[in-house]
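# Structural description and commentary
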Amino acid sequence: MLFRSNKTRTIKLLEWELKRALQDGVGTVLHYSPIAGLKTIKVDFDDIKEAEIFEPEEQKVLLETAKLYSDERDDQRWYMLVFIALNTGMRFGEIAGLQWGDINFLEKQLKVKRAVEYSQGVNKGRFKEPKTRKGKRDIAITNNMVEELKNYRHWQSMKLFEGGIRITGTTQVITGDTLGILPRQAGKEGRYTRIVRKANLAHRKFHSLRHTHASNLLSEEIPIGVVSRRLGHSTISMTFDT
């Protein structure tokens, strides 16, 4: 999969805005637009990057390794972190902001209502609105995902009960070690990276799980508009570019 670099997209957007602004001035403060004949910037080969994904067999190995890693530590959070990302295409911050009240098992639906941002530091996450207006969205989940989430919820409820804590609708699905917000490090050099290494796979960023989910949907001939809404992209063109 290929996508235009953000730099190229930004340059093209600025070019378009400048052309429009100067053209609006023609007849009032300008006799003609000095860049009217400027050709649209073309994307050179060097401007095209490959979007990293996990191939189907690698996904299987990654999930198996994540499960083994979690079982060895009696800590199912790390398996679920990878599992949710691969099966929903949610961003790391959206998964960190996911609460049990956002999941409707009966309707097999998951709502993205918030995300976590880490501008104050990787261990100082704060809730915020999703990245875009369309970031607030509903994501359909499969029967398999419903069962995995239910099993995980049971595990989490037992762990929290040991500390005298009961799960509520506002309980984070995946918490940090101290039951606070999941640190950003878990998706960088932390648990996720350790799982990828343990699986003997080439390192790909956590965000590659999102690209992988989209690739899986497109390979099943899911319409691009459906994929775009599921990912929470602001426009279909953004999905095309990625």
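I will try to describe carefully the structure that is included in this document. Because the structure is predicted, anything quoted here is derived from the model rather than measured.

Turning our eyes to something else, we now look at the overall build of the protein chain. Per the secondary structure count, the protein chain includes 9 helices and 7 strands. Going through the 242 residues of the protein chain one by one, you find that 40% of them count as buried. About 14200 Å² of surface is accessible on the protein chain, with carbon and sulfur atoms providing 53% of the total.

All right, on to the packing of helix H2 (residues 56–73) against helix H3 (residues 77–88) then. The geometry of H2 relative to H3 is characterised by a closest axis approach of 7 Å and an angle of 155° between their N-to-C directions. Of the possible angle classes, the one that applies to H2 and H3 is roughly antiparallel. Contacts between H2 and H3 pair Gln59, Leu62, Leu63, Ala66, Lys67, Tyr69 and Ser70 from the former with Trp78, Tyr79, Val82, Phe83 and Leu86 from the latter. Taken together, the residues of the contact of H2 with H3 sort by class into 9 nonpolar, 2 polar and 1 charged.

Here we come to helix H8 (residues 224–231). Every α-helix carries 3.6 residues per turn, so stepping three or four residues along brings you back to the same face. Listed as buried for H8 are Gly225, Val227, Ser228, Arg230 and Leu231. Looking at the buried positions of H8, the neighbouring elements they touch are H3, strand S7 (137–140), helix H7 (208–219) and helix H9 (236–241). Count one or two residues on from H8 and you reach Gly232, which has phi positive near 80°.

Within the fold, Thr175 resides in the loop between helix H5 (143–162) and helix H6 (191–198). When residues no more than four places from it in sequence are discounted, the contact partners of Thr175 are Arg77, Gln156, Gly180 and Leu182.

Time to look at unusual backbone geometry. Not every positive phi belongs to a glycine, and Asp74 is a case in point at roughly 50°. Despite not being glycine, Asn200 shows a phi value in the positive range, around 60°. Along the polypeptide, Asn200 turns up in the loop between H6 and H7. The exposure class of Asn200 is exposed, given its relative accessible area of 70%.

Opposite charge on two side chains permits them to pair, given that their charged atoms come into close proximity. According to the stated counting rule, one finds 14 salt bridges in the structure shown. Taking the shortest distance from any N to any O, the salt bridge between Asp71 and Lys67 comes out at 2.9 Å. On the criterion of helical spacing, the pair formed by Asp71 and Lys67 is a turn pair, its members being 4 residues apart in helix H2. Note on Lys67: relative accessible area 30%, which makes it partly exposed. Note that Glu117 and Arg126 form a salt bridge whose closest N and O atoms lie 2.8 Å from each other.

Let's shift gears to the pairing of strand S4 (residues 109–112). Here S4 shows a clear split, with Leu110 and Val112 buried on one side and none of Gln109 and Lys111 buried on the other. As paired elements, strand S3 (residues 103–104) and S4 share 2 bridges and run antiparallel to each other. Looking across to S4, one finds that Ile103 is bridged to Leu110. Two successive antiparallel strands, S3 and S4, enclose a turn made up of 4 residues, where Lys108 displays a positive phi of approximately 55°. Relative to S7, S4 runs antiparallel, the two sharing 4 bridges. If you follow Leu110 over to S7, its bridge partner there is Ile139.

Definitions and cut-offs
- Residue numbers run consecutively from 1 along every chain, following the written order of its sequence.
- Local features in this predicted model are restricted to residues whose pLDDT is 70 or higher, and side-chain atom pairs enter the listing and the counts only when it is 80 or higher, whereas totals over whole chains, interfaces and linings include all residues.
- Only heavy atoms go into the side-chain values, all of them from the structure, while hydrogens and water stay out.
- Runs of H or I in DSSP of at least four residues are treated as helices and runs of E of at least two as strands, each being numbered from the N terminus.
- Only protein chains enter the accessibility calculation, which uses a 1.4 Å probe. A residue is then buried if its area is under 20% of the maximum for its type, exposed if over 50%, and partly exposed in between.
- Only the protein chains shown count as cover for residues, and the accessible areas themselves come from Shrake-Rupley with a 1.4 Å probe.
- Every angle, taken between N-to-C directions, lies between 0 and 180 degrees, and every axis is a line fitted to C-alpha atoms, over only the stretch in contact when it is a helix.
- By definition in this entry, angles of less than 35 degrees are roughly parallel, angles greater than 145 are roughly antiparallel, angles of 65 to 115 are roughly perpendicular, and the rest are oblique.
- Working rule for contacts: check all heavy atoms of both residues, and any pair within 4.5 Å makes them a contact.
- In this classification, the charged set is Asp, Glu, Lys and Arg, the nonpolar set is Ala, Val, Leu, Ile, Met, Phe, Trp, Tyr, Cys and Pro, and all remaining amino acids, among them Gly, are polar.
- Salt bridges are identified by distance alone: a Lys or Arg side-chain nitrogen within 4 Å of an Asp or Glu carboxyl oxygen.
- Two strands are counted as paired when DSSP detects at least two bridges linking them.

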